[in-house]
Amino acid sequence: MPEKTVYKSTGMNSFGIGANVAEVDVKDDKIVRVRPMRYDKEYSAEYLKPWTIKARGSEFHSTMKSLLPPYAYAYKKRVYSKNRILHPYKRADWDPRGERNTENRGKSKFVRISWDEATDLIAGEINRIIDEYGLPSIFIQGDGHGETKVVHASHGCATRLMNVLGDDWTYQARQPDSWEGWYWGAKHMWGQDPLGQFDMGNLLLDIAENTDMLIFCGCDMETTTWGWQGQLPSQYCFWLTEIGVKQVYVCPDLNYGAAAHADKWIPVLPNTDAALMAAIAYVWMTEGLFDKDYVDTHSIGYDWFEYYILGNEDGEPKTPEWAAPICGVPSRQIKALAHEWAKKRTSMAHGNGGSFIRSCYSHEPARFEVALMTMQGLGKPGRNVVKFIEWYMYGLPSQQPAPCYSSNMTVGAAYRGWDFVQTKSFIPKTLVPKAIMGDYTPEDPLTWQGYTVAGWPREDQYNTYQYPIPGAQGIHMIWTDTPCWTTCWNGGNSMIEAIRSPKIECVVAQHIWMENDCLFADILLPINTKYEEEDIGQDNGAAPFGLIYYEEKAVEPIGESKSDWEAVGEVAKKLGVYDEFVEGKSVDEWIKIGFDGAEKPSDISFEEFKDKGYFIAPTLDDWEELPRGFGPFCEDPEAHPLSTPTGKVEFYATALAEHFPDDDERPPVPHFIPYGERHQESLLHPRSEKYPFLIVSNHPRWRIHANMDDIPWFREIPTCKVVGPDGYKYEPVWINPKDAEKRGIESGDIVKILNDRGWVLGGAYVTERIRESVVYQDHGARLDPIESGVSDRGGANNLIAPTKTTSKNAPGEVTSGFLVDIEKVDVFELAEQYPEAFNRPYDPDEGVGITSWTEEA
Ligand SMILES: Nc1nc2c(c(=O)[nH]1)N[C@H]1C(S)=C(S)[C@@H](COP(=O)(O)OP(=O)(O)OC[C@H]3O[C@@H](n4cnc5c(=O)[nH]c(N)nc54)[C@H](O)[C@@H]3O)O[C@H]1N2
Ligand SMILES: Nc1nc2c(c(=O)[nH]1)N[C@H]1C(S)=C(S)[C@@H](COP(=O)(O)OP(=O)(O)OC[C@H]3O[C@@H](n4cnc5c(=O)[nH]c(N)nc54)[C@H](O)[C@@H]3O)O[C@H]1N2
Ligand SMILES: [Mo]
């Protein structure tokens with residue numbers, strides 16, 4: 001029997017937004033087991049009023065326990081990972097009073113130091129940088145996903161410290177990575193501020209009652225839903241099959257959701273969805289198969305779109321025969337899909353957006369989707385767009401996305417993570433390497449459009465920003481709590497080059513495990529996991545009910561680790577601003593502030609809350625009556641206008657035409673753009689002769705981005721790692737049998753994926769689950785550099801993603817759907833060529849560990 005059981009959210013969203021709450025059993029200061037949470041442990045069913053969706057003679061019920069993904073059960077392995085950073089470290093050959101050897105970042109090893117020395121060093125460098133260059137020269141990277149904590153926020157605690165020091169430190173503004181195409185494209189067509197994605201009220205009910213066909217375009221209902229939502233969406237899809245809702249998957253790979261749920265798989269070539277959809281529009285236009293009345297009353301500029309699709313603009317009608325060789329879908333299939341879609345009430349489904357939403361010119365496919373949905377009467381019963389993850393984003397009373405939204409309780413008042421709006425200086429994350437490597441001055445600055453952080457209104461994209469800001473100098477110090485730039489962002493190898501620049505005099509990283517960008521730090525602070533902290537949490541997104549919970553400490557901090565909030569606090573002490581930093585409040589007081597700030601539908605005292613462990617809100621009585629998706633706009637577009645300049649769907653984006661009249665990479669009307677001045681990542685471009693494959697770099701099945709690559713239980717699974725002849729576990733690469741044969745590749749072979757930006761290794765899996773001309777390798781595998789800045793054994797393919805942004809005026813990331821080649825390698829030959837990399841201490845069960853990088857090993 002456990003000595004105690006505590007509640008912990010296991011979702012990895014971070015930003016204070018929890019999900020997948022678990023019961024964690026503890027004995028002898030050890031986590032012994034993780035179990036689903038029972039919602040009815042402290043509250044009766046009469047109180048909870050669990051919801052039921054009734055449709056087509058069948059019922060789908062809310063569950064009484066959390067439906068945890070595998071990550072939740074396995075996470076304790078991370079707490080006790082051999083890869084934990086247990087003490088502060090300093091890079092051996094970095095001397096703040098002498099040689100800094102910045103070019104050795106990622107190469108030299110680390111030596112152990114004390115917390116006292118580490119915080120002295122950091123505070124000393126902060127003061128020195130401010131004196132020599134000014135506060136804008138301090139750059140804070142604090143924006144990742146990861147463990148969800150509220151008071152001990154996993155990211156951005158340092159931004160709060162900087163706010164104490166002034167209002168012009170430089171912030172790394174994360175662009176809307178999850179939504180790029182929607183943000184930079186769809187928003188100009190159907191508004192939907194701030195993200196550009198869709199009204200989702202009550203759509204689980206609407207789909208069950210009214211939808212005949214659901215098209216999953218770039219969506220894996222058995223992988224990415226796990227990250228934030230657990231297994232509820234999966235159960236829902238099994239139920240849809242039972243009640244006869246047809247499920248069509250459009251994706252280059254037969255992903256896990258497609259394998260489990262698809263009635264039909266349409267294997268499209270990566271980032272050619274715009275061509276496929278243009279051809280569907282062509283069929284509808286020429287055969288009169290769309291809702292003309294709706295288009296007349298709900299949109300503007302349709303004629304411009306028709307002009308383009310019919311080929312009047314460029315002499316090229318966008319027929320299915322035109323699209324077929326581009327998107328790799330036979331023309332008869334395109335026609336059949338167009339006909340079926342016109343006949344049946346069809347909704348589109350996404351996880352978030354699909355990897356293509358993070359590819360070159362991704363605003364175009366997103367806009368095409370809006371066009372198609374509008375042509376079929378967007379918002380009519382059964383005709384909406386649904387998104388199966390990040391429901392919390394829509395957890396507003398007006399946007400009830402699921403029947404389960406009984407409350408919008410948030411403990412945000414206690415959140416101590418990122419807080420950046422005060423500072424005047426920022427760099428979009430996609431432009432960081434460029435900002436560092438260029439010789440920018442306030443007079444001759446780097447410029448871009450838009451604040452870039454998800455959440456800014458459409459109009460902000462018309463603003464031009466600059467680095468450095470007037471009167472400021474460039475950045476000279478980086479402090480990161482998100483050390484996975486190289487494994488998660490665009491052009492990772494260019495970031496490695498930038499971080500080694502002598503301009504960057506000091507790099508501080510605070511992290512739980514020794515991995516990825518930690519290798520490039522000068523000072524490392526050891527952070528603990530959420531199991532070692534006391535906190536408060538909320539889940540108003542993933543669970544069938546809205547709830548807040550008290551997160552009691554499960555075990556004592558391991559080694560000398562501290563929470564992110566405490567670690568930054570130690571630096572604040574050395575700077576003499578601790579009280580200002582914590583605003584005079586203890587962790588306990590912050591937890592209470594979070595509890596008090598949550599809008600609770602009925603009374604409960606703080607003591608009772610702590611005692612019960614959680615507080616849950618019952619289902620709303622009238623949830624079935626709440627608006628559904630675009631229903632209100634559909635019924636009365638004048639009373640419920642969209643947030644576009646005209647209030648209607650804009651086939652011709654009036655504001656793009658006004659602000660960027662010469663932008664041929666994002667013209668006012670959606671276009672299929674295979675390549676252009678900026679990107680040549682297309683099989684239609686001559687570059688493809690050298691690099692004849694497109695890589696699909698999805699969100700990982702056995703990780704959440706860079707998290708969890710060292711869990712032994714997962715690494716045993718053949719779809720997680722491929723064991724090479726040298727015993728090393730390589731990141732899988734899927735390749736079609738026809739392509740594999742041409743390259744002499746067999747399952748289990750080790751392959752190199754390459755382009756002009758570098759190369760990474762992988763373990764081949766030859767399968768028809770991936771279409772020809774495409775290779776698939778998940779993103780986020782742990783860095784294990786061969787030649788640092790060029791090649792990687794771990795398979796971190798972001799290293800070779802393009803450095804260039806979405807398009808001229810859209811500074812989004814491009815991290816999937818780019819050109820590569822693939823060839824078989826002999827790992828033993830490579831080991832001879834690169835003995836240092838291949839002889840690094842390595843444990844196949846956990847990968848490269850901290851002992852590979854420290855001198856005491
Ligand atoms: N190739 C490719 N790249 C992509 C995408 C893609 O589709 N393909 N998708 C993009 C998208 S949508 C996203 S959201 C990004 C994700 O990119 P990130 O949000 O940056 O990724 P994560 O790995 O989740 O988290 C960031 C870091 O936080 C660390 N971390 C976790 N918990 C804690 C903690 O408590 N404290 C501290 N200090 N650190 C912690 C993790 O170990 C990791 O190093 O990736 C983008 N990159
Ligand atoms: N397990 C797990 N869950 C996660 C995450 C994670 O890292 N791991 N990350 C979370 C985050 S931050 C986000 S933003 C979401 C992301 O959620 P999504 O955007 O839905 O995820 P992706 O893996 O980028 O893409 C989903 C599917 O798109 C398909 N696809 C790839 N390229 C193309 C293309 O060109 N065209 C079409 N039609 N399909 C394509 C692939 O089949 C892929 O499985 O997931 C969240 N959930
Ligand atoms: Mo994301």
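Calculation notes
Residues numbered from 1 in each chain as written. Chains lettered and ligands numbered in written order. Predicted model: local features only at pLDDT ≥ 70, side-chain atom pairs only at ≥ 80, totals over all residues. Heavy atoms only, no water. Helix = DSSP H or I, 4+ residues; strand = E, 2+ residues; numbered from the N terminus. Rg over C-alpha atoms; globule rule 2.2 N^0.38 Å. Buried < 20%, exposed > 50% of the residue type's maximum accessible area, 1.4 Å probe, protein only. Near = heavy atom within 4 Å. Polar contact = N/O pair within 3.5 Å; in protein donor to acceptor, adjacent residues only side chain to side chain. Areas by Shrake-Rupley, 256 points an atom, 1.4 Å probe, with all protein chains shown as cover. Nonpolar A, V, L, I, M, F, W, Y, C, P; charged D, E, K, R; others polar. Axes fitted to C-alpha atoms, helices over the stretch in contact; angles between N-to-C directions. Parallel < 35°, antiparallel > 145°, perpendicular 65-115°, else oblique. Left-handed = near helix turned anticlockwise from the far one by under 90°. Contact = heavy atoms within 4.5 Å. Pairing = 2+ DSSP bridges. Domains from an automatic or database assignment. Right-handed = clockwise from strand over helix to strand, strands pointing away. Arc of directions from axis to C-beta. Salt bridge = Lys/Arg side-chain N within 4 Å of Asp/Glu carboxyl O. Core = buried A, V, L, I, M, F, W, Y, C linked by side-chain atoms within 4.5 Å. Phe/Tyr/Trp six-rings, centres within 6.5 Å; stacked < 30°, edge-to-face > 60°.

Engineer: Can you break down the overall build of the protein residue by residue, with the values?
Structural biologist: The secondary structure content of the protein amounts to 29 helices and 36 strands. Against the globule reference of 29 Å for 857 residues, the protein gives a C-alpha radius of gyration of 26 Å, in line with a compact fold. Dimensions along the principal axes, computed over C-alpha positions, put the protein at roughly 75 × 65 × 55 Å. Taking all 857 residues of the protein together, the buried fraction comes to 67%.

Engineer: Please give an account of the site of ligand 1 that cites residues and values.
Structural biologist: Around ligand 1, 32 residues are found, and the nearest of them are His145, Lys149, Asp177, Cys488 and Ser697. The separation between an oxygen atom of ligand 1 and a polar side-chain atom of Arg358 is 3.0 Å. Here an oxygen atom of ligand 1 sits 3.1 Å away from a polar atom, N or O, in the side chain of His511. Here ligand 1 loses 100% of its free accessible area of 900 Å² to cover by the protein chains. Among the residues forming the shell around ligand 1, the class breakdown is seven nonpolar, 16 polar and nine charged.

Engineer: I'd like a description of the packing of helix H13 (residues 302–309) against helix H16 (residues 363–375), backed by residues and values.
Structural biologist: Viewed as axis vectors pointing N to C, H13 and H16 meet at an angle of 110°, and their least axial separation amounts to 13 Å. Here H16 runs roughly perpendicular to H13, going by the angle between their axes. Both H13 and H16 take part in a crossing whose hand is left-handed. Contacts between H13 and H16 involve Tyr302, Phe305, Tyr308 and Ile309 on the former and, on the latter, Phe368, Ala371 and Met375. Of the residues contributing to the contact of H13 with H16, the split by class is seven nonpolar, no polar and no charged.

Engineer: Explain the sheet that holds strand E7 (residues 110–112) residue by residue, including any values.
Structural biologist: The pairing of strands in a sheet happens through backbone hydrogen bonds and is either parallel or antiparallel. Strand order across the open sheet formed by eight strands is E7-E6-E21-E20-E19-E8-E9-E16, with mixed pairing between neighbours. Taken across any chain shown, the strands that pair with only one partner, and hence form the sheet edges, are E7 and strand E16 (425–428). When the angles between neighbouring strand axes are averaged without regard to direction, this sheet yields 20°. In this structure, strand E20 (residues 506–511) lies alongside strand E21 (residues 523–526), joined through four bridges in parallel fashion. Opposite His511, over in E21, you have Pro526 as the bridge partner. Most of the contacts of helix H5 (residues 157–165) go to strand E8 (residues 138–141), to which it runs at about 150°, and overall it touches E8, strand E9 (170–173) and strand E19 (477–480).

Engineer: Could you give me a rundown of the site of ligand 2, with the residues and numbers involved?
Structural biologist: Lining the immediate surroundings of ligand 2 are 35 residues, of which Tyr71, Thr224, Asp253, Asn271 and Asp273 lie closest. In the model, an oxygen atom of ligand 2 is placed 2.7 Å from a nitrogen or oxygen of the Asn271 main chain. One nitrogen or oxygen atom from the side chain of Asn698 is found 3.3 Å from an oxygen atom belonging to ligand 2. A total of 910 Å² of accessible area belongs to ligand 2 in isolation, and the protein chains cover 99% of it. By residue class, the composition of the shell around ligand 2 is 14 nonpolar, 16 polar and five charged. Shared between two domains, the shell around ligand 2 holds at least three residues of each, these being domain 1 (201–390) and domain 2 (686–852).

Engineer: So what about the sheet that holds strand E1 (residues 4–9)? Which residues, and what values?
Structural biologist: A sheet is described by the order of its strands in space; here three strands give the open sequence E1-E2-E3, paired in antiparallel fashion. Bordering the open sheet on either side are E1 and strand E3 (30–36), each of which pairs with just one other strand. Averaged over all pairs of adjacent strands, the angle between strand axes in this sheet comes to 30°, irrespective of strand direction. Strand direction decides the pairing type here: E1 and strand E2 (residues 21–27), joined by six bridges, are antiparallel. Its bridge partner lying in E2, Thr5 is registered against Asp25.

Engineer: Can you break down the pairing of strand E29 (residues 732–735) residue by residue, with the values?
Structural biologist: Because side chains alternate across E29, one face comprises the buried residues Pro732 and Trp734, and the other comprises Val733 and Ile735, equally buried. In the sheet, E29 pairs with strand E31 (residues 758–766) via four bridges, with the strands oriented parallel. Across the sheet, Ile735 pairs through a bridge with Val766, a residue of E31. Direction of pairing for E29 relative to strand E32 (residues 774–776): antiparallel, over a ladder of two bridges. Across the sheet, the residue bridging to Ile735 is Val775, located in E32.

Engineer: Hey, could you go over the pairing of strand E11 (residues 246–250) for me, with residue numbers and the actual values?
Structural biologist: A regular strand places its side chains so that they alternate between the two faces of the sheet. Most of E11 is tucked away: four of the five residues are buried. Judged from the five bridges that link them, strand E10 (residues 213–217) and E11 form a sheet pairing that is parallel. Pairing of Phe216 across the sheet is with Tyr249, part of E11. Two elements, E11 and strand E12 (residues 264–266), share three bridges in a ladder whose sense is parallel. Paired with Val248 across the strands is Lys264, a residue of E12. In this view, the connection linking E11 to its parallel neighbour E12 by way of helix H10 (residues 256–261) has right-handed handedness.

Engineer: Got a sec to walk through H13? Specific residues and values, please.
Structural biologist: Among the residues of H13, Tyr302, Phe305, Tyr308 and Ile309 are the ones counted as buried. All buried residues of H13 lie within an arc of 125° about the axis, which places them on one face of the element. In the stretch just after H13, Gly311 is the one whose phi turns positive, near 90°.

Engineer: If you had to explain the pattern of salt bridges to someone new, which residues and values would you point to?
Structural biologist: Under the criterion given, the structure shown has 63 salt bridges. A salt bridge links Arg128 to Glu132, with the nearest nitrogen and oxygen atoms 3.3 Å apart. Linking Arg128 with Glu132, this pair stays in helix H4 (residues 115–132), spanning four residues, or about one helical turn. When the shortest N-O distance is used, the salt bridge between Asp709 and Arg703 registers 2.9 Å. Take Asp709: its relative accessible area is 4%, and that puts it in the buried class.

Engineer: Requested: an account of the nonpolar core, with residues and values cited.
Structural biologist: In terms of nonpolar packing, the biggest core is built from 154 residues, with Ile122, Ile126, Leu161, Trp479, Met514, Leu524 and Phe609 touching the most fellow members. With seven residues, the top contributor of residues to this core is H4. Here this core spans two domains, since at least three of its residues come from each of domain 1 (201–390) and domain 2 (686–852). Contact partners of Leu161, with chain neighbours within four places excluded, come to Trp479, Val568, Val571, Ala572, Leu575, Val577 and Phe581. Formed by 94 residues, the second largest nonpolar core is a distinct cluster that contains Tyr282, Met285, Phe368 and Val669.

Engineer: So what's going on with the packing of aromatic side chains? Residues and values would help.
Structural biologist: Counted by the stated rule, this structure contains 49 aromatic pairs. Here Trp304 and Tyr652 contribute two aromatic rings whose centre-to-centre distance is 4.5 Å and whose plane-to-plane angle is 35°, an arrangement assigned as tilted. Pair noted here: Trp304 is in helix H13 and Tyr652 is in the loop between strand E25 (649–650) and helix H25 (654–659), with a separation of 348 residues, a long-range link. Both rings, one in Trp734 and one in Tyr776, keep their centres 4.7 Å apart while their planes meet at 90°; by these two values the pair is edge-to-face. A residue pair is termed long-range when its members are at least 10 positions apart, and Trp734 in strand E29 and Tyr776 in strand E32 qualify at 42 residues. There is no split in this pair, since Trp734 and Tyr776 are both buried. What links up through ring pairs into an aromatic cluster is the set Phe15, Trp169, Tyr171, Trp418, Phe420, Phe426, Trp448, Tyr451, Trp456 and Tyr465.

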